[in-house]
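Chain by chain, the residues run as shown.
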Amino acid sequence: MSTDFQRQKYTRRFRLLDLDGDGYVQESDFGSLGRRMIAASGSAEDPARAAEISEVYRDGWHRLCAATGTSTDDRVARDDFVAACVASLDSGSGFDWVILPTVNAVLTGFDLDRDGILSADEFSAWLRGNGIGPGAITETLRRVDRDGDGKITAEDLMTMAEEFYRSNDPDAPGNWILGVP
Ligand SMILES: [Ca+2]
Ligand SMILES: [Ca+2]
């Protein structure tokens, strides 16, 4: 069973994915997002890393298509996206296409020294790439860095992504993984 609060978060996720704002998510949105993430992570001059980031977003599009029964050259409407989130999280399969790709996207693109830990700067860059504004980034960091040491581990990220998609608690820090919930 999903709640209005959860559906509100899935709708927000959809809006951040629909880069061209046409009310659908399509391959070109994921392509644009991948390019934005390459720029936001400072990877434009590093072809191997840029290719890896592109692949994460290409893979994200393919996983979304598989979850919604959409052809990769078609598009996914907002209501279908939200319904797929609800259905796959209820069934437990949502981990593979909503939670894991989010965490992979952050770690692949923004853990620049590959130590499995995101500094506040690295995580801020990911938020900027997602289109989150400066004020919301400050507030997000305050909430997600639970012990205030300026480091976010892979485990923290996994917990936050789980909370973003599953939690009904309005105070769960993971609600903030994509800025103001
Ligand atoms: Ca779109
Ligand atoms: Ca790091």
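Criteria and thresholds
Residues numbered from 1 in each chain as written. Chains lettered and ligands numbered in written order. Predicted model: local features only at pLDDT ≥ 70, side-chain atom pairs only at ≥ 80, totals over all residues. Helix = DSSP H or I, 4+ residues; strand = E, 2+ residues; numbered from the N terminus. Rg over C-alpha atoms; globule rule 2.2 N^0.38 Å. Buried ≥ 20, exposed ≤ 12 C-beta atoms within 10 Å, placed from the backbone. Contact = placed C-beta atoms within 7 Å. Core = buried A, V, L, I, M, F, W, Y, C linked by C-beta atoms within 7 Å. Axes fitted to C-alpha atoms, helices over the stretch in contact; angles between N-to-C directions. Parallel < 35°, antiparallel > 145°, perpendicular 65-115°, else oblique. Nonpolar A, V, L, I, M, F, W, Y, C, P; charged D, E, K, R; others polar. Expected span 1.5 Å × (residues − 1). Arc of directions from axis to C-beta. Left-handed = near helix turned anticlockwise from the far one by under 90°.

(A) Representation of the overall build of the chain in the model. The helix and strand inventory of the chain stands at 8 helices and 4 strands. Along the chain, helices and strands appear, N-terminal first, in the series α-β-α-α-β-α-α-β-α-α-β-α. In terms of overall dimensions, the chain is globule-like: its C-alpha atoms have a radius of gyration of 15 Å, near the 16 Å expected for 181 residues. Based on the C-alpha atoms only, the size of the chain along its principal axes is roughly 40 × 40 × 25 Å. By the burial criterion, 36% of the 181 residues in the chain qualify as buried. Pairs at least 24 apart in sequence give 57% of the contacts found in the chain among residues at least 6 apart.

(B) Highlighting the nonpolar core. Among the nonpolar cores identified, the biggest contains 43 residues, and Tyr57, Phe81, Val106, Ala161 and Ile177 are the most heavily contacted of them. Elements with a contribution of two residues or more to this core: helix H1 (4–17), helix H2 (27–40), helix H3 (47–68), helix H4 (78–91), helix H5 (94–110), helix H6 (120–129) and helix H8 (154–166). Among all residues touching Phe81, those that are not within four sequence positions of it are Tyr10, Phe14, Val25 and Val76.

(C) Representation of unusual backbone geometry in the model. Phi at Arg114 is positive, roughly 55 degrees, even though this residue is not glycine. Arg114 sits in the exposed class, given 8 other C-beta atoms within 10 Å.

(D) A look at the packing of H4 against H5. The N-to-C vectors of H4 and H5 enclose an angle of 110 degrees; their axes lie 8 Å apart at closest approach. By the angle between their directions, the pair H4 and H5 is classed as roughly perpendicular. Facing H4, whose interface residues are Cys85, Ser88 and Leu89, H5 presents Gly94, Trp97 and Val98. The class makeup of the residues in the contact of H4 with H5 is 4 nonpolar, 2 polar and no charged.

(E) Highlighting the environment of Glu162. Relative to the assigned elements, Glu162 resides in helix H8. Separated by 39 residues in the primary sequence, Glu162 and Phe123 have C-alpha atoms spaced 17 Å apart.

(F) Inspection of H6 at higher detail. Of all the residues in H6, the buried ones are Phe123, Ala125, Trp126, Leu127 and Gly129. Check the buried side of H6 and you find it contacts H2, H5, strand S3 (117–119), helix H7 (134–144) and strand S4 (151–153). Just downstream of H6, Gly131 is the residue with a positive phi angle, here 90 degrees.

(G) Just the environment of Thr108, in detail. By the element assignment, Thr108 lies in helix H5. A sequence separation of 58 residues divides Thr108 from Ala50, and the C-alpha atoms of the two residues are 9.8 Å apart. Sequence-distant contacts of Thr108, defined by excluding residues within four places in its chain, comprise Glu52, Ile53 and Val56.

(H) Spotlight on H4. Under the 1.5 Å per step criterion, the end-to-end length of H4 is 20 Å for 14 residues, consistent within 8% with the ideal 20 Å. Within H4 the residues assigned to the buried category are Phe81, Ala84 and Cys85. Looking down the long axis of H4, one finds its buried residues gathered within 100 degrees of arc, a one-sided arrangement. Structural note: H4 exposes Asp79, Asp90 and Ser91 on the side pointing more than 90 degrees away from its buried face. Looking at the buried positions of H4, the neighbouring elements they touch are H1, strand S1 (24–26), H3, strand S2 (75–77), H5 and H8. Following H4 by one or two positions, Gly92 adopts a phi angle in the positive range, close to 90 degrees.

(I) View of the packing of H5 against H6. Where H5 contacts H6, the axes come no closer than 10 Å and their chain directions differ by 120 degrees. Considered as vectors, H5 and H6 are oriented oblique to each other. Taken as a pair, H5 and H6 cross one another with a handedness that is right-handed. Contacts between H5 and H6 involve Val106, Gly109 and Phe110 from the first element and Glu122, Phe123, Ala125 and Trp126 from the second. Partitioning the contact of H5 with H6 into residue classes produces 5 nonpolar, 1 polar and 1 charged.

Don't take any of this as a statement about function, it's just geometry.
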